[in-house]
Amino acid sequence: MAVSPRLQLWLIPSLLLSPLLAMPLLGAKSTASEVVCELRSSLPSYAQRGAAAVVTGGNSGIGKESVRALLEAGCRVVLCSRDAEAGARSLAGLGVPAGRCRVQQLDLADLSSVAAAADQIRRTEGRVGLLLNNAGVMATPRGQTKQGFELQLGTNHLGHHALTRLLLPIMDDDGRVVTVASSAHTMARVDTSDLFFARRKYTPWGAYGQSKAANILFAKGLSDRLREANSQILSVSLHPGVIGTPLWRHGNPALTWLIHRFILNKDVQQGAATSLYASLASGLPDGAYLSDCAVATPSAACQDEDKQARTALWEISERLLMEAGLSLPEQLVSSERGIHQ
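Rules of the game
Residues numbered from 1 in each chain as written. Predicted model: local features only at pLDDT ≥ 70, side-chain atom pairs only at ≥ 80, totals over all residues. Heavy atoms only, no water. Axes fitted to C-alpha atoms, helices over the stretch in contact; angles between N-to-C directions. Helix = DSSP H or I, 4+ residues; strand = E, 2+ residues; numbered from the N terminus. Parallel < 35°, antiparallel > 145°, perpendicular 65-115°, else oblique. Left-handed = near helix turned anticlockwise from the far one by under 90°. Contact = heavy atoms within 4.5 Å. Phe/Tyr/Trp six-rings, centres within 6.5 Å; stacked < 30°, edge-to-face > 60°. Lys NZ or Arg CZ within 6 Å of the ring centre and 35° of its normal. Buried < 20%, exposed > 50% of the residue type's maximum accessible area, 1.4 Å probe, protein only. Pairing = 2+ DSSP bridges. Right-handed = clockwise from strand over helix to strand, strands pointing away. Salt bridge = Lys/Arg side-chain N within 4 Å of Asp/Glu carboxyl O. Polar contact = N/O pair within 3.5 Å; in protein donor to acceptor, adjacent residues only side chain to side chain. Expected span 1.5 Å × (residues − 1).

Enquirer: Kindly report on the packing of helix α2 (residues 32-39) against helix α4 (residues 61-72), identifying the contributing residues and their values.
Expert: Between α2 and α4, whose axes approach to 9 Å, the crossing angle comes to 20 degrees. When the axes of α2 and α4 are compared, the pair comes out roughly parallel. When you trace α2 past α4, the crossing you get is right-handed. On α4, the residues that touch A32, S33 and V36 of α2 are E65, R68, A69 and E72.

Spelled out as structure tokens, the structure:
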């Protein structure tokens, strides 16, 4: 069949453009603002009604950019910072209207601080729509938290496990718990028989890798328990990318230089994108692990098909927290279902 010259003129650019139109609109180099813009017409209900979003480590790096983008999406934000003055400086730099964002002092390496922060969030916000577990330490020299836990696992995993458990009873049933993990989870497995390296040799990167693997298993274990409780709260984890942030301050200077020179693949705005995607995208699978604004596949150990690793980690985490004197809610979520304005 002959094609008219006019139709040819229309078909040629259409055929050339069609592969580009089929490409995903969000990916490795997207920014947090681009994620908000792309998802604006389908924001989750908690964001549409301006619910509170709690962001740990919100005073710097991708945490600060996540705070800014969540405000852009319409949320009220609780900017959690270990240093309240640093949090206040970050908040001042955002230039948001009064009442849209406040600073909450939170030291994840001290369970008494976690409990106090959760109590103040309950009293001040009443309900929470999103918990973005973003804060963390990376490749630190061997150290301990206030309660004697190995510093990296204690901060990155146990501190967030505790905060999540304390806030879940006031989380809306359409809410989300988003936990920032890392591709560094592939560097180690979670050894529940020796979480704090009493027998194993401690290495900064090995301990960091274990804490990030724990983040993924925590998100999956939480998802399992939320489904058992008939809750619609979503729990996911993510790898943000390799980004130049203050996390690198503990690294070997030569290694840090090499990584910054040859391996860093995102700036801070791009690094926060997957956190925003995990917080705002619809249709995400329960317990999913995300990377570059898409569902990804973690290591076999963190896929945890038989659920044994996530179950063992959950049980020992609960025991360690209670033995350290933290009072955890008996119920995972409130028996009072529904969405609170």
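From this point, things continue past the structure.
Enquirer: Provide a residue-level description of the packing of aromatic side chains, including the pertinent values.
Expert: Tallied over the entire structure, the rule returns four aromatic pairs. Seen in terms of ring centroids, W205 and Y208 are 5.8 Å apart; in terms of plane orientation they differ by 85 degrees. Their pairing is edge-to-face. With a gap of three residues between them, W205 and Y208 both fall in helix α8 (residues 204-228), about one helical turn apart. Here the basic side chain of R200 rests over the ring of F197, its NZ or CZ set 4.0 Å away from the ring centre.

Enquirer: Hey, could you go over the pairing of strand β6 (residues 234-239) for me, with residue numbers and the actual values?
Expert: Counting buried positions along β6 yields six of six residues, so the element is predominantly enclosed. Residues L234, V236 and L238 line one face of β6 and the alternating positions S235, S237 and H239 line the opposite face, and both faces are buried. With five bridges connecting them, strand β5 (residues 171-180) and β6 associate as parallel partners. Across the sheet, residue V180 finds its bridge partner in β6, namely L238. Traced from β5 through α8 to β6, the parallel crossover comes out right-handed.

Enquirer: Before we move on, could you go through the pattern of salt bridges and cite the residues and values that matter?
Expert: Evaluation of the coordinates by the stated rule reveals 18 salt bridges. A salt bridge links R127 to D172; its shortest N-O distance comes to 3.1 Å. Here the residue R127 occupies a position in the loop between α6 (111-125) and β4 (128-133), and D172 occupies one in strand β5, the gap between them amounting to 45 residues. The class of R127 is buried, set by a relative accessible area of 17%. Using a relative accessible area of 1% as the deciding quantity, one classes D172 as buried. Between R200 and D194 there is a salt bridge, with the nearest N and O atoms lying 3.3 Å from each other.

Enquirer: I'd like a description of the side chain of S113, backed by residues and values.
Expert: Position of S113 relative to the elements: it lies in helix α6. Under the relative-accessibility criterion, S113 is labelled buried at 10%. When residues no more than four places from it in sequence are discounted, the contact partners of S113 are Q105, L106 and D107.

Enquirer: Go over the environment of L131, please, and point to the residues and values.
Expert: Inspection of the secondary structure assignment puts L131 in strand β4. Using a relative accessible area of 1% as the deciding quantity, one classes L131 as buried. Between the C-alpha atoms of L131 and T56, which are 75 residues apart in sequence, the distance is 8.2 Å. Among all residues touching L131, those that are not within four sequence positions of it are V54, L163, T164, L167, M171, R176, V177 and V178.

Enquirer: Before we move on, could you go through the side chain of D174 and cite the residues and values that matter?
Expert: Structurally, D174 can be placed in strand β5. In this structure D174 comes out as buried when scored by relative accessible area, which is 15%. A polar contact is formed between the side chain of D174 and the backbone nitrogen of Y46, at a distance of 3.4 Å.

Enquirer: Lay out the sheet that holds strand β2 (residues 76-81) in plain terms, naming residues and giving numbers.
Expert: Strand pairing in a sheet takes place through backbone hydrogen bonds and is either antiparallel or parallel in direction. Pairing is mixed across the open sheet formed by eight strands, whose spatial order is β3-β2-β1-β4-β5-β6-β7-β8. This sheet does not close on itself; its edge strands, each paired only once, are β3 (101-105) and β8 (294-296). Mean inter-strand twist for the sheet, computed between neighbouring axes without regard to direction, equals 25 degrees. Pairing of strand β1 (residues 52-55) with β2, which is carried by four bridges, proceeds in the parallel orientation. Paired with A53 across the bridge in β2 is V77. Against the sheet, α6 engages β1, β2, β3 and β4, with an angle of about 150 degrees to β3. Set on the sheet, helix α7 (residues 151-167) makes contact with β1, β4 and β5; between it and β4 the angle comes to about 175 degrees.

Enquirer: I'd like a description of α8, backed by residues and values.
Expert: Here α8 spans 36 Å end to end across 25 residues, near enough to the 36 Å set by a 1.5 Å rise per residue. Of all 25 residues in α8, 21 are buried; the element is thus mostly enclosed. The first or second residue beyond α8 is N230, which carries a positive phi of 60 degrees.

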